[in-house]
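Coordinate analysis (summary)
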Amino acid sequence: MSEDILRMRGITKRFPGVLALSGVELGVKRGTIHALVGENGAGKSTLMKVLSGVYAHGDFEGEIEFDGRPAEFRNIRDSEAAGVVIIHQELALVGELSIAENIFLGNEQKKRGVISWDRTNAEAVRLMAQVGLQDNPATLVEKIGVGKQQLVEIAKALSKDVKLLILDEPTAALNDTDSENLLDLLRQLREEGVTSIIISHKLGEVLAVADQITVLRDGKSIETLDTVGDGVTQDRLIKAMVGRDLEHLFPPHEPKIGKVFFEVKDWTVHHPEQRHRVIVNGASLNVARGEIVGLAGIMGAGRTEFAMSVFGRSWGSNISGTVELDGKPLALRNVPDAIEAGLAYATEDRKHYGLHLDYDLRENFTLPGLGKLSKRGVVDQDKVNLVSERLRKDFGVKAPSVYQLAGNLSGGNQQKIVLGKWVFTEPELLILDEPTRGIDVGAKYEIYELIHKLVDQGKGVLMISSELPELLGMCDRIYAMSAGHITGQVDREHATQEELMRLMTLETASGGEEQRQ
C-alpha cells in the first residue's frame, strides 16, 4: 500500500461537560477510500471538523500530519488551501444561484479583478463532465435533485485541487441509483489519485467501496480494518460499533392486528405551484389497529407528498378524495385538525421541519400538545417539566437534562425526540417518513422497538422508507407507489425486494391487487 497522506494522533476534543473525542488515532493511505463508522455521537463528524479546521488548531489536543507536513488549520480556508475539502451532510449550496456560480462560490474565476463568466461556465462544464453531471451550468441548483446537488458539491471540491475529499453521509438522502452513481464516482476519483474519507451508516455501501474502515465508539478509535485482508462483515462492524452482538437487525415481534380503522380512498393531489401537475393520482390504502404498514417507492414516486397532504393538507393543491377514521369521514383542513383527529406525521427532515434545534428538549417534546398542558391559555411549566422528563426516559434520549438544546444531540437522539413529541399527542395513526434516515444501527434498533410498543397499544403506523430491507423487516404489509399511483400491495409472507421493485417501477396502478376491506 502507498504511504499515509493523513495521520491524526491523540486527538482529544472537549465541549462544556462533554468529552467528544479521547485520544483518537487515524491513518489514511494515499489514493484510497477510507470509511469512518460508528454510532451517532461516536465522534465521527467532530473528528472530521477537527481535521478540516472547523475546530481550529489549538481548540483540541493532539497532532495532525497531512501530506507529509504538520497541519495547523485555523479555519476552512487553511484546510482547503492544503487540499482538504469537506462536504457536510447538509449541503452548502445556494439554491438561487446557478450550478456554475455554486461551483466557484468563494473561488470566483476573475480576469483583471472582474468575474469572467465565459471562463466560469467553461470551467464548470469541464468539472461537471468529470463528475458525470450533464445539466446546463446556468441551471439553478434549486431546480436539480439532491443526487445532482451532491455532484455539484464534488465538482466544487475538484475546483479547489482537492487531495483529500471528506464526505459526511453522502448517500443519506439519495435513492439506490443515485447512491450507486456516487460510489462509482468515488472509485473513479480514487483511480485519478484523489483520497476520500466517507462517513456512512450504510454498512453495505461502506463494504462495497472502502479500502479501509476505522470504527469509532464513544469518542475513541476502536480499530481499523482492511476490507479485503481482514474478511470484514456487517456483523463484525456492528459488534465493533455498538460494543455487543446484535442478534437481529430488527427486534422480534409478534403482531396483534385488529380491524381496519384508517382508510384513504381515491386520494389525488396536485402540485402547490404547478397546479396542472398531478403528483398523487387516485391513491387508496388502509391501516388496521396494531399494524405496521409500509409505503415503498423510488424518489419522486409521491410518498412524502401523499403523507403530507393527508396530514392536514400541509402540502399540495386541489386535493380530492376521502379520509376515514373508524368509518367516519374526517374533514382535515389544516394540521391542527389532523392532530385533533388523531393523526401524527414525523417528517423525513427532522433538522428543518421536525425539530426546533435552538429549543430545549422540554419545548420540542411538548410543542404539538401544549393544549394539554395549558389552562386558560397559560402553560403550566411544572407539567411541562414532568412530561418532558418522562418522555426523555421513556424514549431513551441520551441528554444530561431536559434543558439540553436539541441541536446539540446526535441524530438518533433527535429522532427519538421527534417520535416522543408526536406520541405525546396520543395519535391513533402515526405516519413515519424515513424514521431511521442517517442514524446508526444501534439507534435504529431502539426506534424499531419504540414502533413495536406503539402498535402493541393498538395504534397504527404508516411507515415510509427508501430502504427495502427496513420495510421487509418491520412491516406487516407493504404498499408500493410509482409516479403517484399505488401499484399494489404485498403482505409480510410474500414480500421480497424483487417484487417490491417490480411494483415500484410500474407506470400505472396494476389493478391486480385487492385492497383489504
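Note that the structure is a prediction, hence the values are computed from the model and not measured. (Residues numbered from 1 in each chain as written. Predicted model: local features only at pLDDT ≥ 70, side-chain atom pairs only at ≥ 80, totals over all residues. Heavy atoms only, no water.)

Re the packing of helix α14 (residues 411-424) against helix α15 (residues 441-456)
Let me state the cut-off plainly: Axis definition: a line fitted to C-alpha atoms, limited for helices to the stretch in contact. Angles are taken between N-to-C directions and run from 0 to 180 degrees. The helix count covers DSSP runs of H or I at least four residues long, the strand count covers runs of E at least two residues long, and both are numbered beginning at the N terminus. Any angle that falls under 35 degrees is termed roughly parallel, while one over 145 is termed roughly antiparallel, one within 65 to 115 roughly perpendicular, and all others oblique. Should any heavy atoms of two residues lie within 4.5 Å, those residues are counted as being in contact. Charged means Asp, Glu, Lys or Arg here, nonpolar means Ala, Val, Leu, Ile, Met, Phe, Trp, Tyr, Cys or Pro, and polar covers whatever is left, Gly included.
In contact at an axis separation of 10 Å, α14 and α15 are set at 10 degrees when each is read in the N-to-C sense. By the angle between their axes, α14 is roughly parallel relative to α15. For the pair α14 and α15, the contacting residues are G412, Q415, K416, L419 and V423 in the first and A443, E446, I447, L450 and L454 in the second. Among the residues making up the contact of α14 with α15, the classes are represented as six nonpolar, two polar and two charged.

Looking at helix α8 (residues 234-242)
For clarity, the threshold we go by: Remark: exposure states derive from per-residue accessible area (1.4 Å probe, protein chains only) relative to the maximum for the residue type, with buried under 20%, exposed over 50%, and partly exposed in between.
Turning to α8, its buried residues are L237, I238, A240, M241 and V242. Buried residues in α8 make contact with β3 (33-37), α7 (203-209), β11 (212-217), β12 (220-226) and α15. Of the residues flanking the end of α8, it is G243, one or two places downstream, whose phi is positive at about 80 degrees.

Notes on the sheet that holds strand β1 (residues 4-15)
Rules: By this definition, two strands are paired if DSSP reports at least two bridges between them.
Spatial ordering of the open sheet is given by β2-β1-β4-β5, a layout of four strands whose pairing is antiparallel. Only two strands of the sheet have a single neighbouring strand rather than two, namely β2 (18-29) and β5 (69-70). Examined bridge by bridge, strand β4 (residues 61-66) and β5 share two bridges and lie antiparallel to one another. Across the sheet, the residue bridging to F66 is R69, located in β5. Sitting on the sheet, helix α1 (residues 44-51) is in contact with β1, β2 and β4, with an inclination near 115 degrees to β1.

Notes on the confidence of the model for the protein chain
For clarity, the cut-off: Confidence of the prediction at every residue is given by pLDDT, a number between 0 and 100.
Counting all residues, the mean pLDDT for the protein chain is 87, and 96% of those residues have values of 70 or more. When mean pLDDT is taken per element in the protein chain, strand β13 (residues 260-270) scores highest with 97 and helix α11 (residues 350-354) scores lowest with 77.

Focus: unusual backbone geometry
Residue D266 is not a glycine yet carries a positive backbone phi of 50 degrees. Position of D266 among the secondary structure elements: in strand β13. Of note in the backbone geometry, N318 takes a positive phi value of approximately 50 degrees without being a glycine. For N318, the location among the structural elements is in strand β16 (residues 317-325). Under the relative-accessibility criterion, N318 is labelled exposed at 54%.

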